[in-house]
There are 4 protein chains.
Amino acid sequence: MTSADLPAPTQPPVKRARRADAERNRAAIIEAAGTVFAEQGGTVDVREIARRSGVGMGTLYRHFPTKDDLLATVLEREFTSWLTAAHQAAEATEDPWEALTGFFEQTLAHQAGNRALVESYTATGGPPRVCAEYRDAFIDELRTRCLNAGLLRAGVTTADLVLLSASLSQVVQATGDSHPGQWRRLLRISLDGLRARNTEPLPEPEPEPEPTLHGEGDGGGDASAGD
Amino acid sequence: MTSADLPAPTQPPVKRARRADAERNRAAIIEAAGTVFAEQGGTVDVREIARRSGVGMGTLYRHFPTKDDLLATVLEREFTSWLTAAHQAAEATEDPWEALTGFFEQTLAHQAGNRALVESYTATGGPPRVCAEYRDAFIDELRTRCLNAGLLRAGVTTADLVLLSASLSQVVQATGDSHPGQWRRLLRISLDGLRARNTEPLPEPEPEPEPTLHGEGDGGGDASAGD
Amino acid sequence: MTSADLPAPTQPPVKRARRADAERNRAAIIEAAGTVFAEQGGTVDVREIARRSGVGMGTLYRHFPTKDDLLATVLEREFTSWLTAAHQAAEATEDPWEALTGFFEQTLAHQAGNRALVESYTATGGPPRVCAEYRDAFIDELRTRCLNAGLLRAGVTTADLVLLSASLSQVVQATGDSHPGQWRRLLRISLDGLRARNTEPLPEPEPEPEPTLHGEGDGGGDASAGD
Amino acid sequence: MTSADLPAPTQPPVKRARRADAERNRAAIIEAAGTVFAEQGGTVDVREIARRSGVGMGTLYRHFPTKDDLLATVLEREFTSWLTAAHQAAEATEDPWEALTGFFEQTLAHQAGNRALVESYTATGGPPRVCAEYRDAFIDELRTRCLNAGLLRAGVTTADLVLLSASLSQVVQATGDSHPGQWRRLLRISLDGLRARNTEPLPEPEPEPEPTLHGEGDGGGDASAGD
DNA sequence: CATGAATGAGGGTTCATTCAT
DNA sequence: AATGAATGAACCCTCATTCAT
């Protein structure tokens, strides 16, 4: 993933001299911000992040013109890395249902204890569009595999699955300290509700009010839990 | 302007009047706070509440020494009123499963759009102990009825149901504006996962880590979603 | 100027209790701000003003929601008090030309050393509309008196006089420390150029570009130096 | 990317190249700064200047140890070039009064729209000494020509003329957008006040207070508007 | 020497809480 | 007891200047 993987024998390693340092700072900021946002949520003092990154305020603001930009960046990275890992895990799993289960397990384990991440589900904006698209595509894949294998309840949409994961994430968050592991029970229950043996039709989703902002809504594969 | 202007010849003169006045103020504050917290969440400016209650800051702080105290009081009241209504509805319903379903429906309908209430699930603290106990007792009743009727999955605990309701509440909140009604699908899925036909055993809850703060947890009927 | 001047025997002196204090603070803020703005211009730290007023930041911002509001208020007050004094002096002066001269003298003496005031001529916005109108009306009066007495050069507009005063104010400012009194010479020169014995016609003012904001422009009595 | 890539066999090798490069940078900085300062005044972000010059911050600060130094340099250059042009124009004009008039016209036309230049009249410091001397000498020349031709009012000093030009410059600035051309009227008025037909003596300049900083001021040929 | 990233002291503004009236 | 003005510690962000590369 880093350019270290690519041999660059004939190129002058110039011009990236300062960039290296800056990149390290940027990384440090993102990492510190990730930690701090996860621990304390999106309302932390920016100074705290600067302090923990070991950089000055100016550096922080050079890299991220706004606190919200920083938060968005951090969330996007966490989203992406989570999705990547989840995707790989799912592809490595033969059994479709096991893949679905594993996805949820991984998701919840990953998001437990990340306050900012969970906050992002409630906050306006939600995950960045790109992530959401990627996520939806991936989840849709899982869904299709399970459907084709006759394992998934008829009528379950991608949006349902997305919402379910978001919903359970918040449970993980809420129970994280006092009842760790409790969420596995809920997950099992929900997944059992998704099994094909549940033949009752699901209630039709009401038509969306005004598609003012979110230009989705094809009725079948809709998603986007977080906005 | 004060009720002191009104002579109250036959009654113990001043004290009562004050009391009444104070009580009215307290009620006004709680009502306004309820509205405002529901609309804008727990981060609103206290002034907004004072303004809408028609009382001064001093009065507000006389009744509630802290913003958090006010919030806790408001939440407790909303919790209680919700539980009372839910309880009555449940008692009026013959069919146990219908009672359970109705409870969830009512809960989610009630909590949709109450930002502070939903926030309270994530925030440390959660609902006050008294409420939690009441709630747990009530839900346990629902659970037992369904169990006895052979409708509820074996091994489902009160805590599971509590968590489920909290979890779905957050979904309602998050999807409220963009996908209203979407939550009914999730609810159906979850409830189907709770049906007795699901015979797989649920994962055992791990033993609690350190009962540092919340001294509950009898192992079987434990609950308390919000801490 | 204070309500102490008005006897209020039959009214309850209630309800202004806190107001008195607040009013004193407000006055203190305005006075301190006046001083500080005059000394250092409009860029001073708000904290400095708070310090010199003896109030906290919150108090300052309670009275003036924005630094600019404070500045505007201060400027308006200074404008008004200056105009009032100038008006009275002019009315007390028989000779029209002497009235005009006195007005300029008073203006310049008053504005010498007030950085913020002079800055306001250059800054966008200028004096508040009301002040400008009052000022223009007053200057127009002076102008008419001189014209009727056959003392003022034909074709001189109110706007000319307004501009002249603004212009000389800046000279006073610029020369204040090093060449005090120097401005009197310029003033004399300018006034002599305004005398009726100068019979050459003045260049026509070009038509205004776009009357986007300032709804003036009757061609004859136009004014508004500061925008 | 540097000129070091170009071999310069027949010349003293490196040093000159550096010098040339540095000189080009310096010129670029000054030019960009001139534009930016003129457009936005002396408070612009130094980065803007660096960006427009195409040099890094370090280079900029190597050439000008302080933002103020850069500003001073820019102003000095603009002053000088303006004076040079004005001087030439004046020398090419036969009629002394026309020369004087032309000087003012040119000055005002030149300084209209140069925010920093006009700001410099109000700011402490003013134009650098050298410029002031040159300017004073030149204006004194104009003055003498007019005096000798019997066109200029008796007692008018160089300082008066300097101040007048500064004063009118600010008017131009202030009215530039809303009332363009308005300043010509004021200029005419002032010049008419300078004509020899005005025989009233001008008020004596008060003796200077303390020649703390600016050791000029012989009473007759004094000048220096900007401090 | 050039570069541009880093620094950090402010600057304007908000808001939970206190306190004089 | 009620009022609402006062408080001041934070908060987010900017920008002149320095410094490692």
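Bear in mind that the values here come from a model prediction, so they are computed numbers and not experimental data.

**Comments concerning the overall build of chain A**
Piece 1. In terms of regular secondary structure, chain A is built from nine helices and zero strands.
Piece 2. The 227 residues of chain A split such that 46% are buried.
Piece 3. Taking the intrachain contacts of chain A between residues at least 6 apart in sequence as the baseline, contacts between residues at least 24 apart amount to 72%.
Piece 4. For chain A, the accessible area works out to roughly 11500 Å², and carbon and sulfur atoms hold 52% of it.

**Some remarks on the interface of chain B and chain A**
Piece 1. Across the contact, 47 residues belong to chain B and 51 residues belong to chain A.
Piece 2. Interface of chain B and chain A: buried area, both sides summed, is about 4100 Å²; carbon and sulfur atoms make up 54% of it.
Piece 3. Summed over the three residues of chain B that lose the most area to chain A, namely B:Leu163, B:Arg185 and B:Ile189, the buried surface amounts to 17% of that side.
Piece 4. Scanning the region where chain B abuts chain A turns up six salt bridges.
Piece 5. We note a salt bridge from A:Glu200 to B:Arg197, for which the minimum N-O separation is 3.4 Å.

**Observations concerning the relation of the copies chain B and chain A**
Note on the chain copies: they are related by a rotation about an axis and a translation along it.
Piece 1. Note on the identical chains: chain B maps onto chain A by a rotation of 177 degrees and an axial translation of 0.1 Å, with an RMSD of 0.5 Å. Viewed as a symmetry operation, the transformation between the two copies matches a two-fold axis.
Piece 2. Comparing interface residues between copies, 100% of those in chain B also sit at the interface in chain A, which points to an isologous, same-surface contact.

**Here's the deal with the relation of the copies chain C and chain D**
Piece 1. Screw-axis analysis of chain C against chain D gives a translation of 0.1 Å along the axis, an RMSD of 0.6 Å, and a rotation angle of 177 degrees.
Piece 2. Looking at chain C, 100% of its interface residues are interface residues in chain D too, so the copies touch through the same face.

**Regarding the packing of helix H5 (residues 96-111) of chain C against helix H9 (residues 182-194) of chain C**
Residues and elements named next belong to chain C.
Piece 1. It is at 11 Å that the axes of H5 and H9 come closest, and there the two elements cross at 145 degrees. You can see that H5 and H9 cross each other, and the crossing is right-handed. Contacts from Trp-97, Leu-100, Thr-101, Phe-104, Glu-105, Leu-108 and Ala-109 in H5 reach Trp-183, Arg-184, Leu-187, Leu-191 and Leu-194 in H9.
Piece 2. For the contact of H5 with H9, the per-class residue count stands at nine nonpolar, one polar and two charged.

**Some words on the environment of B:Asp68**
All names here are of chain B.
Piece 1. By secondary structure assignment, the location of Asp-68 is in helix H4 (residues 67-91).
Piece 2. Residue Asp-68 is classed as exposed on the basis of its relative accessible area, which comes to 53%.
Piece 3. C-alpha of Asp-68 to C-alpha of Ala-92: the two residues are 24 residues apart in sequence and 36 Å apart in space.

**Looking at the interface of chain C and chain D**
Piece 1. Counting residues at the interface gives 49 residues for chain C and 49 residues for chain D.
Piece 2. Here chain C meets chain D over a buried area of about 4100 Å², counting both sides, of which 54% is carbon and sulfur.
Piece 3. In this structure, D:Arg185 and C:Asp160 form a salt bridge, with 2.5 Å as the shortest nitrogen-oxygen distance.
Piece 4. Summed over the shared surface of chain C and chain D, the number is 17 residue pairs in polar contact (both at pLDDT 80 or more).
Piece 5. Residue assignment for the side of chain C that touches chain D shows that the elements contributing at least two residues are helix H6 (115-122), helix H8 (158-175) and H9 of chain C.
Piece 6. A breakdown of the residues in the side of chain C that touches chain D according to their chemical character gives 18 nonpolar, 15 polar and 16 charged.

**Points about the environment of C:Leu202**
Piece 1. Counting through the fold element by element, C:Leu202 comes out in the segment after H9.
Piece 2. With 183 residues separating them along the chain, C:Leu202 and C:Arg19 place their C-alpha atoms 54 Å apart.
Piece 3. Discounting chain neighbours no more than four positions away, the residues touching C:Leu202 are C:Arg153, C:Ala154, C:Gly155, C:Val156, C:Asp160, D:Arg185, D:Arg188 and D:Ile189.

**A closer look at the packing of helix H9 (residues 182-194) of chain A against helix H9 (residues 182-194) of chain B**
Piece 1. Remark: H9(A) packs on H9(B), axes separated minimally by 7 Å, with the N-to-C direction vectors making an angle of 100 degrees. By the angle between their axes, H9(A) is roughly perpendicular relative to H9(B). Contacts between H9(A) and H9(B) involve A:Ile189, A:Ser190, A:Asp192, A:Gly193 and A:Leu194 on the former and, on the latter, B:Ile189, B:Ser190, B:Asp192, B:Gly193 and B:Leu194.
Piece 2. Its residues assigned to classes, the contact of H9(A) with H9(B) shows four nonpolar, four polar and two charged.

**Structural notes on the pattern of salt bridges**
Piece 1. This structure, assessed with the given rule, holds 53 salt bridges over all chains.
Piece 2. Here C:Asp136 makes a salt bridge to C:Arg135, at a shortest N to O gap of 3.0 Å.
Piece 3. With a relative accessible area of 15%, C:Asp136 lands in the buried category.
Piece 4. In this structure, the salt-bridge partner of D:Asp140 is D:Arg143, at a minimum N-O distance of 2.9 Å. Of this pair, D:Asp140 and D:Arg143 both sit in helix H7 (residues 129-148), three residues apart, roughly one helical turn.
Piece 5. What makes D:Arg143 buried here is its relative accessible area of 15%.
Piece 6. What you see here is one network of salt bridges that share partners, running through A:Arg153, A:Glu200, B:Asp192, B:Arg195 and B:Arg197.

**What about the domain arrangement of chain A?**
How big an interface is tends to be reported as the loss of accessible area on association of its parts.
Residue and element names in this part refer to chain A.
Piece 1. Domain parsing of chain A yields domain 1 (13-65) and domain 2 (72-227).
Piece 2. Taken together, the contacts link eleven residues of domain 1 with nine residues of domain 2.
Piece 3. Between domain 1 and domain 2 the total buried area reaches about 670 Å² when both faces are included, carbon and sulfur atoms providing 65% of it.
Piece 4. Counting every contact that joins domain 1 to domain 2 gives zero salt bridges.
Piece 5. Counting the contacts that link domain 1 with domain 2 gives three residue pairs in polar contact (both at pLDDT 80 or more).
Piece 6. Of the residues assigned to the side of domain 1 that touches domain 2, the class counts are five nonpolar, four polar and two charged.

**Describing the side chain of B:Asn198**
Piece 1. With respect to the element layout, B:Asn198 can be found in the segment after H9.
Piece 2. Classification of B:Asn198 by relative accessible area gives buried; the value is 1%.
Piece 3. Side-chain polar atoms of B:Asn198 contact the backbone oxygen of B:Asp192, separated by 2.8 Å.
Piece 4. For B:Asn198, the residues in contact, after removing those within four places along its chain, are A:Asp192, A:Arg197, B:Arg153, B:Asp192 and B:Gly193.

**Digging into the confidence of the model for chain A**
All names here are of chain A.
Piece 1. Across chain A, the average pLDDT comes to 82, with 80% of residues at or above 70.
Piece 2. A low-confidence stretch, residues 1-15 (pLDDT under 50), is modelled with zero contacts involving residues beyond four sequence positions or located in other chains.
Piece 3. Confidence drops under pLDDT 50 across residues 213-227; counting only partners more than four residues distant or on other chains, this segment forms 39 contacts.

**Some words on helix H8 (residues 158-175) of chain D**
Piece 1. Here H8(D) spans 26 Å end to end across 18 residues, near enough to the 26 Å set by a 1.5 Å rise per residue.
Piece 2. By the criterion of burial, H8(D) is predominantly enclosed, with 18 of the 18 residues buried.

**Focus on helix H4 (residues 67-91) of chain A**
Piece 1. For H4(A), with 25 residues, the first-to-last C-alpha span of 36 Å sits near the 36 Å given by 1.5 Å per residue.
Piece 2. Looking at H4(A), one finds that the buried residues are A:Leu70, A:Leu71, A:Thr73, A:Val74, A:Leu75, A:Glu78, A:Phe79, A:Trp82, A:Leu83, A:Ala86, A:His87 and A:Ala90.

**Points about the packing of aromatic side chains**
Working definition: an aromatic ring pair is given by the centre-to-centre distance plus the angle between the planes.
All names here are of chain A.
Piece 1. Taken as a whole and judged by the stated rule, the model has 16 aromatic pairs over all chains.
Piece 2. Where Phe-103 meets Phe-138, the ring centres are 5.3 Å apart and the plane angle is 90 degrees; that geometry is what we call edge-to-face. With Phe-103 in helix H5 (residues 96-111) and Phe-138 in helix H7 (residues 129-148), this pair connects stretches of sequence that are 35 residues apart.
Piece 3. Each residue in the set Phe-79, Trp-82, Phe-103, Phe-104 and Phe-138 is aromatic and connected to the rest through ring pairs, giving one cluster.

Cut-offs applied
- Residues numbered from 1 in each chain as written.
- Chains lettered and ligands numbered in written order.
- Predicted model: local features only at pLDDT ≥ 70, side-chain atom pairs only at ≥ 80, totals over all residues.
- Heavy atoms only, no water.
- Helix = DSSP H or I, 4+ residues; strand = E, 2+ residues; numbered from the N terminus.
- Buried < 20%, exposed > 50% of the residue type's maximum accessible area, 1.4 Å probe, protein only.
- Contact = heavy atoms within 4.5 Å.
- Areas by Shrake-Rupley, 256 points an atom, 1.4 Å probe, with all protein chains shown as cover.
- Buried area = accessible area lost by both parts, 1.4 Å probe.
- Salt bridge = Lys/Arg side-chain N within 4 Å of Asp/Glu carboxyl O.
- Least-squares fit on C-alpha atoms with pLDDT ≥ 70 in both.
- Axes fitted to C-alpha atoms, helices over the stretch in contact; angles between N-to-C directions.
- Left-handed = near helix turned anticlockwise from the far one by under 90°.
- Nonpolar A, V, L, I, M, F, W, Y, C, P; charged D, E, K, R; others polar.
- Polar contact = N/O pair within 3.5 Å; in protein donor to acceptor, adjacent residues only side chain to side chain.
- Parallel < 35°, antiparallel > 145°, perpendicular 65-115°, else oblique.
- Domains from an automatic or database assignment.
- pLDDT = per-residue confidence, 0-100.
- Expected span 1.5 Å × (residues − 1).
- Phe/Tyr/Trp six-rings, centres within 6.5 Å; stacked < 30°, edge-to-face > 60°.

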